[in-house]
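The residues making up each chain are set out below.
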Amino acid sequence: MRRALIIGGGVAGTITAIALHEAGHEPLLFEAYDRGAEGVGAFLTLAVNGLDALLPLGLKDVVRSAGFDSPRMSIGLGNGTRLAEFPLGGTLPDGTVSQTVLRSDLYVALRDEAARRGIQVEYGKRLIGASQTNTHVRADFADGSHAEGDLLIGADGLRSRVRTIIGPDAPSPRYVPLLNTGGFAEGLDLPDEPGVLNMVFGKRVFFCHVVSSDGRVWWFANPARKTEPTASELATLAGEKLRAELLHLVAPDRTPAAEIIRATREIYPAWPTYDFPTVPVWHRGRMVIIGDAAHATSPAAGQGASMAIEDAVTLGKCLRDVPDVERALATYESLRRGRVEAVVAAGKRNGDQKVIGPVGRVVRDFFIKRAFAKPFDEDPNAFMWNHHIDWDEKVVV
């Protein structure tokens, strides 16, 4: 049994703790904030490959209970033209489809499951440094405490401290020139089938909405922003000012976007989009990074949470089957790097279609309409969803 110090108590860290516990190890979770992430964050769609990876951990139904089915997506243009509707990531053999879920509900479901399994979590533990020997690692925290274990896993997200400890020259996240915002509208009676994501390439902004199982309308928008906004600029773009800007952006479109925005009591403050084309160093000695810390992808890929889940399950298998810790971490990276970098690249391509000026929009809409004029011989995103991790198959170095 190995003691694993996991830095970051969010979705990625909690899934990793459960996977390592399932593999027979002792995970310890350390979260920088002094409380959990209840009520924090917007919503996400968890693709079927992520749900499939949860199956051997006994978590698929736990996650499904927190969200609702999202079997299909609809693609349209701002002029009201609906171009196509197709399955959102396929279907698992038992009929499971992609799930749309509040990030905080997903976190709570996983946190409660970790607690049920007896996994220890410590809050208010902000990592400031780490060191290692041939046999152990030590994590030092801002409150003066420290912890020791057999390995250290950085599941601490986009601004990962572990990433810079492992590789002081690690690149910074790449700004993708899009902002994110959204919310939940109530009191509307839209003619849409619940669970279907309605995505529109508008004349000025990309907008998506989905009617949830309780009748509320969940939505997000991606306003283009050429230069990376400062914290002060983001702070001023909130509340009614943000609502007014969004209403201006959707005004030319023949969609329910304006109605949805007006019916939203509170709109999420805008936040910028980032990704990592590549992070050269994922592991050093007994320390490793996973999830967004290693390969953040644009939300346009719809794979952020699923990639973290796949990471966790793969790492659990490697630490279960490979006796040497350093070799296990190297094997984990070899199994994951190519796939996740391909997903990051796909997310960047998908996001680029949302960042287009007036002239480019005409060209974009022309090619989008032509692309959807006939069925795809093969879905270019199918490689994301058609991925299965066999938990029972032994990892061979």
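All residue numbers here refer to positions counted from 1 along the written sequence of the relevant chain. Residues qualify for local features only when their pLDDT is at least 70, as the model is predicted, and side-chain atom pairs are given and counted only at 80 or more; totals for whole chains, interfaces and linings, by contrast, use all residues. Heavy atoms from the whole structure form the basis of all side-chain values; hydrogens and water molecules are not counted.

## Regarding the overall build of the chain
The criterion, for reference: Starting at the N terminus, helices and strands are each numbered in turn, a helix being any DSSP run of H or I of at least four residues and a strand any DSSP run of E of at least two. With C-alpha atoms as the basis for the radius of gyration, the globule rule is written as 2.2 Å multiplied by the number of residues raised to the power 0.38. For every residue, the accessible area (1.4 Å probe, protein chains only) is compared with the maximum for its type, and the residue is labelled buried under 20%, exposed over 50%, or partly exposed between those bounds. By definition, residues are in contact when any of their heavy atoms lie within 4.5 Å. Accessible surface is estimated by sampling points in the Shrake-Rupley manner with a 1.4 Å probe; for residues, cover comes only from the protein chains shown.
Across its full length, the chain carries 13 helices and 19 strands. In summary, the chain has a C-alpha radius of gyration of 21 Å against a globular reference of 21 Å for 397 residues, a match within 12%. The buried share of the chain, reckoned over its 397 residues, is 53%. At a minimum sequence separation of 6, the contacts of the chain that also span at least 24 residues come to 74%. For the chain, the accessible area works out to roughly 17,500 Å², and carbon and sulfur atoms hold 53% of it.

## Some points on the sheet that holds strand β8 (residues 120-122)
Definition in use: Here the rule is simple: two strands pair whenever DSSP picks up at least two bridges between them.
Read across the open sheet, the 6 strands follow the order β8-β2-β1-β12-β19-β18; overall the sheet is mixed. Strands with a single pairing partner mark the edges of an open sheet, and in this sheet they are β8 and β18 (283-284). Bridge analysis of β18 against strand β19 (residues 287-289) gives 2 bridges, and the strand direction is antiparallel. Considered in β19, the bridge of His283 is made with Val288.

## A closer look at the pattern of salt bridges
What counts, and what does not: Definition used for salt bridges: Asp or Glu carboxyl oxygen within 4 Å of a side-chain nitrogen of Lys or Arg.
In total, this model carries 24 salt bridges according to the counting rule given. Of the charged contacts in the structure, one is a salt bridge between Asp94 and Lys60, with a shortest N-O distance of 2.8 Å. Of this pair, Asp94 sits in the loop between β6 (82-87) and β7 (99-102) while Lys60 sits in helix α3 (residues 60-64); the two residues are 34 residues apart in sequence, bridging distant segments of the chain. Where Glu85 meets Arg72, a salt bridge forms, and the shortest distance between an N and an O atom there is 2.7 Å. You can see Glu85 sitting in strand β6 and its partner Arg72 sitting in strand β5 (residues 72-77), a full 13 residues away along the chain. Judged by its relative accessible area of 34%, Glu85 falls in the partly exposed class.

## Topic: the side chain of Ser160
This is how the line gets drawn: By the criterion applied in these results, polar contacts are pairs of N or O atoms within 3.5 Å in which, for protein atoms, one can donate a hydrogen and the other can accept it, and in which residues neighboring in sequence qualify only through two side-chain atoms.
Counting through the fold element by element, Ser160 comes out in the loop between β12 (151-154) and α5 (161-166). Judged by its relative accessible area of 2%, Ser160 falls in the buried class. Looking at Ser160, its side chain comes within polar contact range of the side chain of Asp156, at 2.6 Å. Engagement of the side chain of Ser160 in a polar contact is seen with the backbone nitrogen of Val162, the distance being 3.2 Å.

## Observations regarding the sheet that holds strand β9 (residues 127-132)
Stated formally: Axis definition: a line fitted to C-alpha atoms, over the contacting stretch in the case of helices. Angles run 0 to 180 degrees between N-to-C directions.
Ordered in space as β9-β10-β11, the 3 strands form an open sheet in which the pairing is antiparallel. Lying at the two open borders of the sheet, with one neighbouring strand each, are β9 and β11 (146-149). Adjacent strand axes in the sheet meet at a mean angle of 15°, parallel and antiparallel pairs treated alike. Summarising the sheet, β9 and strand β10 (residues 137-141) pair through 5 bridges and their orientation is antiparallel. Among the inter-strand pairings, Gly129 is bridged to a residue of β10, identified as Asp140.

## Thoughts on helix α1 (residues 11-22)
To keep things clear, this is the line we draw: A helix is expected to span 1.5 Å multiplied by its residue count minus one.
The terminal C-alpha atoms of α1 lie 17 Å apart, and with 12 residues this matches the ideal 16 Å at 1.5 Å per residue to within 8%. Among the 12 residues that make up α1, 10 are buried, leaving the element largely enclosed by the rest of the structure. The set of residues buried in α1 consists of Val11, Ala12, Gly13, Thr14, Ile15, Thr16, Ala17, Ile18, Ala19 and Leu20. Lining the buried residues of α1 we find β1 (3-7), β2 (26-30), α2 (48-54), α4 (103-116), β12 and α10 (304-321). Positive phi shows up at Gly24, right after α1, with a value of about 95°.

## What to know about the nonpolar core
As a rule of thumb, nonpolar side chains are buried together in soluble globular proteins. Stated precisely, the cut-off is as follows: To form a nonpolar core, buried Ala, Val, Leu, Ile, Met, Phe, Trp, Tyr and Cys residues must be joined to one another through side-chain atoms within 4.5 Å.
Ile15, Leu46, Leu54, Ile153, Ile289 and Leu315 are the most contacted members of the largest nonpolar core, which has 77 residues in total. With 9 residues, α10 is the single largest residue contributor to this core. Dropping the residues within four chain positions of it, Leu46 is found in contact with Leu51, Leu54, Val63, Ser98, Gln99, Ala305, Ser306 and Ile309. Counting 24 residues, the second-largest nonpolar core is a separate cluster that includes Tyr175, Leu188, Val211 and Val217.

## Topic: the environment of Ala109
With respect to the element layout, Ala109 can be found in helix α4. According to the relative accessible area criterion, Ala109 is buried, its value standing at 15%. Along the chain, Ala109 and Lys348 lie 239 residues apart, while their C-alpha atoms are 30 Å from each other. Those residues in contact with Ala109 that lie beyond four places of it in its chain are Val62 and Ala66.

## So, the pairing of strand β14 (residues 197-201)
Two faces, one strand: in a regular strand the side chains alternate between the faces of the sheet. In terms of burial, β14 is a largely internal element, 5 of the 5 residues being buried. The side-chain alternation of β14 yields two buried faces, one formed by Leu197, Met199 and Phe201 and the other by Asn198 and Val200. With 5 bridges joining them, β5 and β14 adopt parallel strand pairing. Looking at β14, one finds that Ile75 is bridged to Met199. Both β14 and strand β15 (residues 206-211) contribute to a ladder of 4 bridges, which runs antiparallel. By the bridge assignment, Asn198 is partnered in β15 with His209.

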